[in-house]
Amino acid sequence: EAGVAQSPRYKIIEKRQSVAFWCNPISGHATLYWYQQILGQGPKLLIQFQNNGVVDDSQLPKDRFSAERLKGVDSTLKIQPAKLEDSAVYLCASSSGLAGHEQYFGPGTRLTVT
Amino acid sequence: AQSVSQHNHHVILSEAASLELGCNYSYGGTVNLFWYVQYPGQHLQLLLKYFSGDPLVKGIKGFEAEFIKSKFSFNLRKPSVQWSDTAEYFCAVPRGSQGNLIFGKGTKLSVKP
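Rules used throughout
- Residues numbered from 1 in each chain as written.
- Chains lettered and ligands numbered in written order.
- Predicted model: local features only at pLDDT ≥ 70, side-chain atom pairs only at ≥ 80, totals over all residues.
- Heavy atoms only, no water.
- Helix = DSSP H or I, 4+ residues; strand = E, 2+ residues; numbered from the N terminus.
- Rg over C-alpha atoms; globule rule 2.2 N^0.38 Å.
- Contact = heavy atoms within 4.5 Å.
- Areas by Shrake-Rupley, 256 points an atom, 1.4 Å probe, with all protein chains shown as cover.
- Lys, Arg positive; Asp, Glu negative; His and termini not counted.
- Charge placed at Lys NZ, Arg CZ, Asp CG, Glu CD.
- Pairing = 2+ DSSP bridges.
- Axes fitted to C-alpha atoms, helices over the stretch in contact; angles between N-to-C directions.
- Phe/Tyr/Trp six-rings, centres within 6.5 Å; stacked < 30°, edge-to-face > 60°.
- Buried < 20%, exposed > 50% of the residue type's maximum accessible area, 1.4 Å probe, protein only.
- Buried area = accessible area lost by both parts, 1.4 Å probe.
- Salt bridge = Lys/Arg side-chain N within 4 Å of Asp/Glu carboxyl O.
- Polar contact = N/O pair within 3.5 Å; in protein donor to acceptor, adjacent residues only side chain to side chain.
- Nonpolar A, V, L, I, M, F, W, Y, C, P; charged D, E, K, R; others polar.
- Disulfide = S-S within 2.5 Å.
- Core = buried A, V, L, I, M, F, W, Y, C linked by side-chain atoms within 4.5 Å.

Caption draft 1: A look at the overall build of chain B. In terms of helices and strands, chain B carries zero helices and 12 strands. Ordering the α and β elements of chain B from the N terminus gives β-β-β-β-β-β-β-β-β-β-β-β. For chain B, the C-alpha radius of gyration of 13 Å lies close to 13 Å, the compact-globule estimate for 113 residues. In terms of principal-axis extent, the alpha carbons of chain B reach across some 40 × 25 × 20 Å. Sequence-distant contacts, at least 24 apart, represent 54% of the contacts inside chain B between residues at least 6 apart. In the structure as shown, chain B presents an accessible area of about 5,500 Å², 52% of it carried by carbon and sulfur atoms. Of note, chain B has its 11 positive side-chain charges centred 6 Å away from the centre of its 7 negative side-chain charges.

Here is the structure:
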């Protein structure tokens, strides 16, 4: 089965610019996660969707980050405006359910903000 | 609040050496514990998980982990490492009932051939 797809794989922008990342989860997976992984740290959850509804966005910096999953399938994460500290790898993951279900991760998008 | 700590940042071993990577957690709910692995150039993937029952959990590629409730630990072990085990290893616990995870900072394992 196809894995989690993400694009772009790499992105370099200047601070105060905007950027968007796209994720297509494994077919049939209702739950989708966006994690941020800063160099030297483990992934940190930004937002979790169940179908097209938000389950947890408590750690999403809502003044600059937004995400949507309009049709309950693919998802977009946006940063506007970007800051230097947003430089990180943005990981998308999906699972077939909530607690206890294995999360399948995509390759990530490496963002560099200069 | 839930938290996970991994004791070792970088571990260097020779092939055939035994491996133990430490993981301690703080979690108030039902304990579910995970180890994920990221091989160079590859996606993060599940290595093994503990939900209930036998505290000794076996995963892929000969890895195992033991849940010790009294020590709040879930250490990862392998009796004999191979060069192909070179990777970064992450311990994780659920943040709550929704299934998203809190990850430790990771331990980078380098195995010398």
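Having seen the model, we can carry on.
Caption draft 2: Spatial organisation of the sheet that holds strand β1 (residues 5-7) of chain A. Residue and element names in this part refer to chain A. The four strands are arranged β1-β3-β8-β7 in an open sheet whose pairing can be described as antiparallel. Edge positions in the open sheet fall to β1 and β7 (65-68), since each of these has one partner strand only. Sheet twist, expressed as the mean angle between neighbouring strand axes with direction ignored, is 15°. Of the pairings in the sheet, the one linking strand β3 (residues 19-24) to strand β8 (residues 75-79) comprises five bridges and is antiparallel in character. Looking across to β8, one finds that Val19 is bridged to Ile79.

Caption draft 3: Spatial organisation of the packing of aromatic side chains. What the rule picks out here adds up to 16 aromatic pairs over all chains. With centroids separated by 5.6 Å and ring planes inclined at 45°, the aromatic side chains of B:Phe63 and B:Tyr89 adopt a geometry described as tilted. Of this pair, B:Phe63 sits in the loop between β7 (56-58) and β8 (64-68) while B:Tyr89 sits in strand β10 (residues 87-94); the two residues are 26 residues apart in sequence, bridging distant segments of the chain. For B:Phe63, a relative accessible area of 1% translates into the label buried. Taken together, the ring pairs in this structure connect A:Tyr33, A:Tyr35, A:Phe105, B:Phe34, B:Tyr36, B:Phe51, B:Phe90 and B:Phe103 into an aromatic cluster.

Caption draft 4: How the structure looks around the interface of chain A and chain B. Taken together, the contact between chain A and chain B spans 21 residues of the former and 17 residues of the latter. When the two sides are added together, the surface that chain A and chain B hide from each other amounts to roughly 1,700 Å², 53% of it contributed by carbon and sulfur. Inspection of the region where chain A meets chain B yields one salt bridge. Among the ionic pairs, A:Asp56 bridges to B:Arg95, the shortest N-O distance being 2.5 Å. At the surface where chain A touches chain B, the tally comes to 10 residue pairs in polar contact (both at pLDDT 80 or more). For the side of chain A that touches chain B, the secondary-structure elements that each account for two or more residues are β4 (31-37), β5 (44-50) and β6 (53-56) of chain A. With three residues, β4(A) is the single largest residue contributor to the side of chain A that touches chain B. Tallied by class, residues from the side of chain A that touches chain B come to nine nonpolar, 10 polar and two charged.

Caption draft 5: Just the side chain of A:Ser75, in detail. All names here are of chain A. For Ser75, the location among the structural elements is in strand β8. With relative accessibility at 1%, the residue Ser75 sits in the buried group. Here the side chain of Ser75 touches Trp34 through a polar contact of 2.9 Å, side chain to side chain. Looking at Ser75, its side chain comes within polar contact range of the main-chain oxygen of Glu68, at 2.9 Å.

Caption draft 6: Main features of the state of the cysteines. This structure, assessed with the given rule, holds two disulfides over all chains. With a sulfur-sulfur separation of 1.9 Å, A:Cys23 is cross-linked through a disulfide to A:Cys92. The chirality of the disulfide connecting A:Cys23 with A:Cys92 is left-handed, given an S-S dihedral of about -70°. Pair noted here: A:Cys23 is in strand β3 and A:Cys92 is in strand β9 (residues 88-95), with a separation of 69 residues, a long-range link. Neither residue differs from the other here; A:Cys23 and A:Cys92 are each classed as buried. Residue pairing for B:Cys23: its cysteine sulfur links by disulfide to B:Cys91, the two sulfurs lying 1.9 Å apart. The sign of the S-S torsion, about -65°, decides the handedness of the disulfide formed by B:Cys23 and B:Cys91: left-handed. Taken together, the residues span a long stretch of sequence, with B:Cys23 in strand β4 (residues 23-26) and B:Cys91 in strand β10 at a distance of 68 residues. Look at B:Cys23 and you get buried, because its relative accessible area is 0%.

Caption draft 7: Summary view of the nonpolar core. Residues B:Leu33, B:Trp35, B:Leu48, B:Phe74, B:Leu76 and B:Tyr89 are the most contacted members of the largest nonpolar core, which totals 30 residues. Residue contributions to this core peak at four residues, all from β10(B). A:Phe21, A:Leu77, A:Tyr90 and A:Val113 belong to the second-largest nonpolar core, a separate cluster that totals 21 residues.

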